[in-house]
Amino acid sequence: MNTLWRLQHRLAPYLFVLPFVVLFLCFMLVPLCRSVVLALHKTSGPGAMQFVGLDNFEFVFQDDLFWRAVRNTLTYTVCFLSIQIPASLGLALLLNSRFVRGRDFFRYAFFSTHLVGNVFVAVLFMLLLAPRHGLINRVIGAVTPFGTELNWLGKPDLALPAVILAALWLSVGFGMIYFLAALQAVDQELYEAAQVDGAGAMSKFWHVTLPGIRPVLLFLLLVGMIGSFQLFELPYVLFQGPGPDNRALTVVMYLFQQGFETGDLGYASAIGWMLVLMVLAVSIAQIRLTRADRTD
Amino acid sequence: MSVSRKTSGPASLLLHAALVLVSLMLLTPFLWLICATFKSQADMFDSVFLPWGHLDRLTTANLRVLFTREPFARWLLNSLFLASASTAIVVLLSSLGGFALAKYQFRGKPVLMLIMLATMLVPHQVLLPGMYEIMFQIRWIDTYWAILVPGAVSVFGMFLFKQAMQAVPDELLQAGRVDGCTEFGLWWNVALPIVRPMVGAFTLLSFTGTWNSFLWPQIVLQTEAKYHLPIGLANMIGLPEYETQLGVLMAGTLCSVLPVMLLFFALQKDFIAGLTSGAVKG
């Protein structure tokens, strides 16, 4: 009994992480290796494959549709983040004010949209964005000179803005929750010290608040960029495909089309590895920035 | 005191006006969705929210069509099953792994942590072609195994639980060992109750994750009777009969969103505290 008890004590941590290790080997490492092999083949469905060397990668570099997808994805990422981050921070600043009543209500109201799945948001926004009679166009017609005829889902130039609008509705509250928690963790004494030094509101924001929330800001930027690079469901359901003139085609949507609609798992793998490169680039930049923080 | 109240008067009013305005912008789509569910096709776009002059024209026909002409009830049950089962598994296994990382020193731990970090940096879409091939070979295409098994442990969850369980006092665990408690028992009886808020937060997170998942289920689920809500609803959009019955799509969206909202209200206390605890410190 005693030796048995000692045995389980020694083996316990290994048993506890065993599920992760097994799943990592079977459903991460193996498919990752398969993706390398597949990327060197031309396939039609699983099974039928033909070795083509680096042809897939050669092709991806001159594939206009792929680069259209990259351009759309990057445009989306930049536009989305440059609105989402300041809007979330602004809301958090408002909500962090001492005078706010009903803070809990606002917090839940802002966050609630984040629970709605991408597919459901897309179906809902399909109707909200309808021309002339859709709610969004009615509001735009009432408060701006653009009128109610904006054809969000039909006009190429409006395709990405439509996706960004839906994405903002989905995630402004999510960012707000993180900023609010960070703001509440900023040392109050720093504000008092700044007050003593005669700092104004703007100066306090730049020299106390912003440095205080910098880690969360960087975290949200990284999560936001990686998430945006993987954009798929919103445009795919909103436009039932790549949108007018392929203007809502994203990298992951192209991977999905090539791999699972056309059936070329090899080319899809090559696209996947290009996505890995994109994500790795921003991750490394982020790690450098965080390191610079620590050494400062 | 009275001075600060006076100066805060107009500013406070402006502040609350801004907050109310933003809440309205965010909540109005929900309100519109509820209204649209009960509107007839003729009223769908003619009245902004409800046809106030003709409230008798409100109808439950959209819901009836949804549940009779489509296997929507089946999809709802499938969603409930998939999300509950995967949540139960992933919460248990991830907290078990997080417990090991937080409270034990064992060989290979640094390597393991490194591997976990690396998996979080790789976008999972690159795995899709390889995963599909594996699922094809082990005949898991069009089964729930393909969804439940690969998602049974979450690296993110393990990190969350590791962070939370570092707060469990070692003396408490040692006392349990003296009393003859097994390590497994320590996890279940001591560590898990202490990190209850994190269990709540991660439950909601993984439940909504599976409930809202689309890309992988869309690839592996092929029989209509096995669809869950996102796949079922997304496939309804393509059908011509619903272009003239948009209310049915809205009814489907409402019924898909409501269960998650209810769960959120049940777990809300744990949720926000648990969700942000790691990010702020790190």
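These numbers were taken from a predicted model, which means no experiment stands behind them. (Residues numbered from 1 in each chain as written. Chains lettered and ligands numbered in written order. Predicted model: local features only at pLDDT ≥ 70, side-chain atom pairs only at ≥ 80, totals over all residues.)

### A short note on the overall build of chain A
Scanning chain A for helices and strands turns up 12 helices and two strands. Listing every helix and strand of chain A by position from the N terminus yields α-β-β-α-α-α-α-α-α-α-α-α-α-α. Compactness check: chain A gives a C-alpha radius of gyration of 24 Å against a globular reference of 19 Å for 296 residues, more than 25% above the reference. In terms of its C-alpha atoms, chain A occupies a principal-axis envelope of roughly 75 × 70 × 40 Å. Split into buried and exposed, the 296 residues of chain A put 41% on the buried side. Here the contacts in chain A between residues at least 6 apart in sequence split such that 68% fall between residues at least 24 apart. (Helix = DSSP H or I, 4+ residues; strand = E, 2+ residues; numbered from the N terminus. Rg over C-alpha atoms; globule rule 2.2 N^0.38 Å. Buried ≥ 20, exposed ≤ 12 C-beta atoms within 10 Å, placed from the backbone. Contact = placed C-beta atoms within 7 Å.)

### What to know about the overall build of chain B
What chain B contains, in helices and strands, is 13 helices and zero strands. A globule of 282 residues ought to have a C-alpha radius of gyration of about 19 Å, yet chain B, at 24 Å, is considerably larger. Considered along the principal axes of its C-alpha atoms, chain B spans approximately 75 × 75 × 35 Å. Across chain B, every contact between residues at least 6 apart in sequence was considered, and the portion connecting residues at least 24 apart equals 77%.

### A few points about unusual backbone geometry
Positive phi, normally seen in glycine, also occurs at A:Gln240, with a value near 55°. Along the chain, the position of A:Gln240 falls in the loop between helix H10 (233-239) and helix H11 (251-261). Residue classification places A:Gln240 among the partly exposed positions, given that 14 C-beta atoms sit within 10 Å. At B:Arg139, a position not held by glycine, the phi torsion is positive, near 60°. Its place among the elements puts B:Arg139 in the loop between helix H5 (128-137) and helix H6 (145-148). A tally of 10 C-beta atoms within 10 Å means that B:Arg139 is categorised as exposed.

### Examining helix H10 (residues 196-212) of chain B
An ideal rise of 1.5 Å per residue puts 24 Å on 17 residues; H10(B) measures up with 24 Å between its terminal C-alpha atoms. Burial analysis of H10(B) places 14 of its 17 residues in the buried class, which makes it a mostly covered element. (Expected span 1.5 Å × (residues − 1).)

### Observations regarding the domain arrangement of chain B
Residue and element names in this part refer to chain B. One can read the domain layout of chain B as domain 1 (2-59) and domain 2 (71-281). Its C-alpha centre places domain 1 at a distance of 34 Å from the equivalent point of domain 2. Domain 1 puts eight residues into the contact, and the matching count from domain 2 is eight residues. Split into classes, the residues belonging to the side of domain 1 that touches domain 2 amount to four nonpolar, three polar and one charged. (Domains from an automatic or database assignment. Nonpolar A, V, L, I, M, F, W, Y, C, P; charged D, E, K, R; others polar.)

### Details of the environment of A:Leu38
Checked against the element boundaries, A:Leu38 lands in helix H1 (residues 2-39). Among the residues examined, A:Leu38 registers 27 C-beta atoms within 10 Å and is labelled buried. In contact with A:Leu38, other than residues within four places in its own chain, are A:Thr43, A:Leu265, A:Gly266, A:Ser269, B:Pro129 and B:Gly130.

### Comments concerning the interface of chain A and chain B
The partner chain B presents 73 residues to the 76 residues of chain A that form the contact. In terms of residues, the side of chain A that touches chain B owes the most to one element, H1(A), which gives 19 residues. For the side of chain A that touches chain B, the per-class residue count stands at 57 nonpolar, 16 polar and three charged.

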